[in-house]
Amino acid sequence: MSRHFDAIIIGTGQAGPSLAARLAATGMQVAIIERGKFGGTCVNTGCIPTKTLVASAYAAHVARRGTDFGFAINGDVRVDMKRVKARKDAVSGRSNKGVEEWLRGLKNCTVIQGHARFQSAHTVVVNDEALEADKIFINVGGRASVPPVPGVHNVPFLTNSSMMDVDFLPEHLVIVGGSYVGLEFGQIYRRFGSQVTIVEMGPRLIGREDEDVSQTVREILEAEGIQIRLNAKCISLAKRDSSIGVQVDCVEGAPEVVGTHVLLAVGRIPNTSDLGLDRAGVATDKRGYIVVDDQLQTNVQGIWALGDCNGRGAFTHTSYNDYEIVADNLLNADHRRVSDRIQAYALYTDPPLGRCGMTDAEIRKSGRQALTTKLPMSRVSRAFEKGETQGFMKIAVDKETKQILGAAILGTGGDEVVHILLDVMYAKAPYTVIQRAMHIHPTVAEYLPTVLSKLEPFS
């Protein structure tokens with residue numbers, strides 16, 4: 001015998017719970033399945049806990065800079081990692097508990113804990129029980145990728161998930177991967193007091209970003225004492241007594257970095273290999289991501305894939321937007337599409353990077369006539385007052401339509417300021433809307449009209 005529902009949702013990441021609530025509110029009988037912790041990556045091992053660590057690291061950093069602000073602390077600033085972890089666990093746990101309690105309290109929603117696997121296109125099995133539904137939504141997220149480098153399974157290593165269990169200060173943390181996750185953890189643990197080395201295979205950090213962004217982020221990190229090793233073309237790991245050796249084969253510097261702990265931060269893979277997707281006939285690409293169309297439907301009628309597992313975004317906000325697209329299309333007869341959204345994200349180093357739209361390389365490739373402008377944060381009075389003048393703001397606009405093509409706001413408040421530009425981009429309004437606006441002084445955002453008044457030909 002099997003139980004029948006109107007909809008089955010697999011996973012409780014950012015898209016799943018909101019979709020469950022929206023469908024259940026219409027009277028649909030919904031089952032939502034979770035095999036691990038409620039809330040997915042964001043709540044348990046991603047955004048919420050890591051940004052809590054960023055806040056603790058920032059507090060320690062400011063305390064060490066006390067003399068810059070006119071105060072002194074008697075003695076060294078030391079970080080109590082057990083208390084840092086306890087704070088992080090409390091913040092993350094509050095969200096995790098909140099998601100679970102919310103779901104269990106929903107009318108018309110049945111919460112089932114266990115590992116869901118497809119038996120057919122409209123049947124999944126959980127805890128040896130078959131569940132059927134005409135509509136099934138996959139929201140299973142992803143996990144850290146473990147690269148097949150020589151020696152990787154011969155040494156202990158950390159990932160973004162296992163870093164959440166660290167309640168001690170690594171003496172020397174070697175991070176393999178110079179992209180978003182690696183850079184955030186690198187600065188966090190350097191500010192906590194660890195020696196940190198970041199090893200990157202490419203010629204520069206965060207290779208998808210513009211070169212000036214990559215270079216400035218590198219300078220910010222190196223100014224705090226983080227060692228950067230680029231062009232590490234031949235990485236391998238090996239035990240070195242009580243330490244771990246990371247072979248890097250760089251053009252410059254010693255061929256090996258020896259650290260006490262290694263964090264692997266080289267990307268993520270979807271949690272799709274153990275769902276039985278083949279029995280449902282659901283197609284995946286060569287990396288394991290579920291193939292979806294512009295409205296997030298798979299190749300099988302009645303099955304959708306949302307969030308990190310569909311390869312159409314790797315962020316909490318893209319996952320939530322997936323939910324909005326699916327729900328509006330199903331319930332409001334809307335015609336929302338993934339292709340309507342504008343790329344936007346942030347790098348949560350200090351200062352943060354807020355990004356929206358096209359990069360310089362993408363603008364060049366498009367062949368569009370563009371204008372650009374750039375202002376160092378040292379010219380922004382609010383940044384100067386806060387003693388945080390690193391970085392810059394850069395904006396590109398279409399010469400003909402005057403619409404904003406893309407922006408990088410690397411500096412204090414950049415992750416918030418960028419939304420002003422993003423909203424104008426969604427409105428398809430010309431940049432002159434911002435240029436002629438009166439903003440509040442003193443803020444970082446007040447410089448957007450100023451910087452947009454100094455546009456020059458894009459080169």
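All figures in this text were calculated on a predicted structure; none of them were measured in a lab.

> Would you take a moment to explain the side chain of T197 for this structure?
For T197, the location among the structural elements is in strand 9 (residues 195–199). Residues contacting T197, with those up to four places away along its chain left out, are H172, L173, V174, I175, Q227, R229 and V257.

> Before we go on, may I ask you to explain the sheet that holds strand 11 (residues 236–240) in this structure?
The pairing of strands in a sheet comes from backbone hydrogen bonds and takes either a parallel or an antiparallel form. On the basis of which strands lie adjacent, the open sheet formed by 3 strands has the order 11-12-13 and antiparallel pairing. If you trace the sheet from one side to the other, it starts and ends with strand 11 and strand 13 (256–259), each paired once. The mean inter-strand angle of the sheet, taken between neighbouring strand axes irrespective of direction, is 25°. In the sheet, strand 12 (residues 243–247) pairs with strand 13 via 4 bridges, with the strands oriented antiparallel. Looking across to strand 13, one finds that V246 is bridged to V257.

> How do you make sense of the environment of V291 when you look at a structure like this?
Mapped onto the secondary structure, V291 falls in the loop between helix 7 (277–280) and strand 16 (303–305). Taking C-alpha positions, V291 is 28 Å from M425, a pair spaced 134 residues apart along the chain. Excluding anything up to four places from it in sequence, V291 contacts A283, T284, D285, Q297, T298 and N299.

> Explanation requested: the environment of A265 in the structure shown.
By the secondary structure assignment, A265 is in the loop between strand 14 (261–264) and strand 15 (268–270). The spatial distance from the C-alpha of A265 to the C-alpha of V152 is 13 Å, given a sequence separation of 113 residues. Apart from residues lying up to four places away in sequence, A265 is in contact with I175, V176, G177, V181 and G182.

> Looking at this structure, how should I read empty space enclosed by the protein?
If a probe the size of a water molecule is rolled over the atoms, the empty space left behind becomes visible. Under the defined criterion, the tally for this structure stands at 3 cavities of 30 Å³ or more. Here the largest cavity is characterised by a volume of approximately 50 Å³. Along its surface, the largest cavity is lined by D210, R355, M358, T359, D360, T372, K394, I395, A396, G406, A407 and A408. Contributing elements (two or more residues each) for the lining of the largest cavity: strand 20 (392–398) and strand 21 (404–410). Residues belonging to the lining of the largest cavity are distributed by class as follows: 5 nonpolar, 3 polar and 4 charged. Approximately 40 Å³ is the volume attributed to the second largest cavity. Contributing to the lining of the second largest cavity are V54, A57, Y58, E184, Q187, I188, R191, Y348, T349 and D350. Of all the elements in the fold, those that place two or more residues in the lining of the second largest cavity are helix 3 (47–64) and helix 5 (180–192). At 4 residues, the largest contribution of residues to the lining of the second largest cavity is made by helix 5.

Rules used throughout
- Residues numbered from 1 in each chain as written.
- Predicted model: local features only at pLDDT ≥ 70, side-chain atom pairs only at ≥ 80, totals over all residues.
- Heavy atoms only, no water.
- Helix = DSSP H or I, 4+ residues; strand = E, 2+ residues; numbered from the N terminus.
- Contact = heavy atoms within 4.5 Å.
- Pairing = 2+ DSSP bridges.
- Axes fitted to C-alpha atoms, helices over the stretch in contact; angles between N-to-C directions.
- 1 Å grid on protein atoms, 1.4 Å probe; cavity = no way out; pocket = protein on both sides within 12 Å on 5 of 7 lines; lining within 4 Å.
- Points joined across faces, edges and corners; volume = space filled by probe spheres on them.
- Nonpolar A, V, L, I, M, F, W, Y, C, P; charged D, E, K, R; others polar.

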